[in-house]
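Residue-level structural notes
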Amino acid sequence: MSDASYRDAIFTTPLDRVASFSFDEQVVSCFPDMLRRSVPGYGQIIAMLGLMARAHLRPGARVYDLGCSLGAASMALAREMDAEDIEIEAVDLSRPMVERASRELAEAFPDHRINVTEADIRTLDYQPAGMIVVNLTLQFLPPEDRDAVIDKLFAALEPGGVLILSEKIISDDPVENAWLIERYHDFKRANGYSDLEISQKREALEDVMKPDSLNTHHERLARAGFQRSHTWLQYLNFASMVAFKAAE
């Protein structure tokens, strides 16, 4: 990446008051490290996106990367697809994320059609698309807004289109959910986070991120009209799903 990325040390010191988590300049500066050490399976999800695009996209199709952050999904798509075979619309609500993603995508893939937009995915004017990628984004929307967003994405997809939805999840079984959380904290400790960092990060996210269960996600996708959906990857309490719109 062209800009320096730093180690995530946001919650290393005790805070009298832990502010709600936001995707500001401080987070942007260490975001790649944060993802690597905080999201089990993230690298595998990103690595598969280009392969899925190659398997399912028609030549020249539009792909949305919603909640694009620093553009990792867009980069994976562009690496796998020739410039004339894909048009990427990357969208994020965080201006610092959009500014850095715009620079890095333009530098890495100057011949690809990649547009990076600062916008709210709830109100975006969607154009027909062959694939929509939503990575760790729906979980940050108010739960009451999620059905409407998935409905809009289904409407935007062309017949035969696919939605890739990756999220932190909860289990409907309280015992399983507690076990997953404990093992997730072990995962973070193994990646260098202290108990203080884990606790303060959890507090910062408490009112900002509200995960759904896999059952809730799949039921929502079915209500929206998707012909079928599968969980293709789960690593602890993170999962990625693929949903298919019927071909005409």
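Residues numbered from 1 in each chain as written. Predicted model: local features only at pLDDT ≥ 70, side-chain atom pairs only at ≥ 80, totals over all residues. Heavy atoms only, no water.

Labelled according to an unreviewed UniProt entry, the protein appears under the name Carboxy-S-adenosyl-L-methionine synthase, originating from Cobetia amphilecti. Checking UniProt for the protein, the heading Sequence similarities (unreviewed entry) contains the comment "Belongs to the class I-like SAM-binding methyltransferase superfamily. Cx-SAM synthase family." Per UniProt, the comment on the protein under Catalytic activity (unreviewed entry) is "prephenate + S-adenosyl-L-methionine = carboxy-S-adenosyl-L-methionine + 3-phenylpyruvate + H2O". (UniProt positions renumbered as here; feature names shortened; annotations may be inferred.)

1. A word on the packing of aromatic side chains
Using the criterion set out here, one finds 5 aromatic pairs in the structure. Summarising the aromatic geometry, the rings of Y64 and Y126 are spaced 5.2 Å apart at their centres and angled 75° between planes, so their arrangement reads as edge-to-face. Taken together, the residues Y64 in strand β1 (residues 61-66) and Y126 in the loop between β3 (113-118) and β4 (129-135) connect sequence positions 62 residues apart. The exposure class of Y64 is buried, given its relative accessible area of 4%. Since its relative accessible area comes to 12%, Y126 is described here as buried. The side chain of K188 reaches across the aromatic face of Y193, ending 5.1 Å from its centre. A cation over a ring is seen here: K245 above F154, with NZ or CZ 4.4 Å from the ring centre. (Phe/Tyr/Trp six-rings, centres within 6.5 Å; stacked < 30°, edge-to-face > 60°. Helix = DSSP H or I, 4+ residues; strand = E, 2+ residues; numbered from the N terminus. Buried < 20%, exposed > 50% of the residue type's maximum accessible area, 1.4 Å probe, protein only. Lys NZ or Arg CZ within 6 Å of the ring centre and 35° of its normal.)

2. Brief notes about the environment of F187
Structurally, the position occupied by F187 is in helix α6 (residues 174-190). On the basis of relative accessible area, F187 is assigned to the buried category, the value being 16%. Residues contacting F187, with those up to four places away along its chain left out, are R37, S38, V39, P40, Y235 and L236. (Contact = heavy atoms within 4.5 Å.)

3. Observations regarding the packing of helix α5 (residues 143-156) against helix α8 (residues 214-224)
Packed helices, taken two at a time, are described by the angle between their axes plus the distance between the axes. It is the contact of α5 with α8, at a shortest axis distance of 9 Å, that shows an interaxial angle of 50°. By the criterion of interaxial angle, the relationship of α5 to α8 is oblique. Two packed elements cross with a definite hand, and for α5 against α8 that hand is right-handed. Residue-level inspection shows R146, D147, I150, D151 and F154 of α5 in contact with α8, the latter providing R220, L221, R223 and A224. (Axes fitted to C-alpha atoms, helices over the stretch in contact; angles between N-to-C directions. Parallel < 35°, antiparallel > 145°, perpendicular 65-115°, else oblique. Left-handed = near helix turned anticlockwise from the far one by under 90°.)

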